[in-house]
Amino acid sequence: MTSGYHTSWKVPPEHGDDPAYRAAGRRMDFAQAVHDRRSALGWNTAELARQADMSEEDIKSIEESGVDPTLELIEQLAAALESGARIDPRTTPEFRFEGRTV
């Protein structure tokens, strides 16, 4: 199911309420969502960087779970990825980019 840097995130029950674990999980879900949507569009990291007016290093850092998903960043990437963003902490993964329907 996963490839590259992306792995399944399972929080042990004893850490479920730990803010650090939850933050790491959000970064991983965000990274996977960016990677999945970019791949669905057939883009490489350079193309997404161009579309998002970011550096390729920024995109790689996001996809390596190195960036917290701020609202501004989510909006910027959603526009570039021609998609909407869905965040639902009751599901796994919590974060998804979804293609827009016309």
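Thresholds, definitions, all that
- Residues numbered from 1 in each chain as written.
- Predicted model: local features only at pLDDT ≥ 70, side-chain atom pairs only at ≥ 80, totals over all residues.
- Heavy atoms only, no water.
- Axes fitted to C-alpha atoms, helices over the stretch in contact; angles between N-to-C directions.
- Helix = DSSP H or I, 4+ residues; strand = E, 2+ residues; numbered from the N terminus.
- Parallel < 35°, antiparallel > 145°, perpendicular 65-115°, else oblique.
- Left-handed = near helix turned anticlockwise from the far one by under 90°.
- Contact = heavy atoms within 4.5 Å.
- Buried < 20%, exposed > 50% of the residue type's maximum accessible area, 1.4 Å probe, protein only.
- Lys, Arg positive; Asp, Glu negative; His and termini not counted.
- Salt bridge = Lys/Arg side-chain N within 4 Å of Asp/Glu carboxyl O.

Across the interface, helix H2 (residues 45-52) lies against helix H3 (residues 56-63) with an axial gap of 8 Å and an inter-helix angle of 110°. With respect to each other, H2 and H3 are oriented roughly perpendicular. Relative to H3, H2 is oriented so that their crossing is right-handed. Contact residues: Thr-45, Ala-46, Leu-48 and Ala-49 in H2; Glu-56, Ile-59, Lys-60 and Glu-63 in H3.

On to the side chain of Arg-37, then. Relative to the assigned elements, Arg-37 resides in helix H1 (residues 19-40). Buried within the structure, Arg-37 lacks any salt-bridge partner; Glu-82 is the closest side chain of opposite charge, at an N-O distance of 5.0 Å. Apart from the residues lying within four places of it in its own chain, the contact partners of Arg-37 are Leu-81, Glu-82, Ser-83, Phe-97 and Gly-99.

Another aspect to go through is the pattern of salt bridges. Tallied over the full model, the rule gives 7 salt bridges. The shortest N-O distance in the salt bridge between Glu-94 and Arg-22 comes to 3.3 Å. Placement of the pair is Glu-94 in the loop between strand S1 (83-87) and strand S2 (95-99) and Arg-22 in helix H1, with a sequence separation of 72 residues. Arg-22 sits in the partly exposed class, given a relative accessible area of 32%. Asp-88 is paired through a salt bridge with Arg-90; the nearest N and O atoms lie 2.9 Å apart. For Arg-90, a relative accessible area of 75% corresponds to the exposed category.

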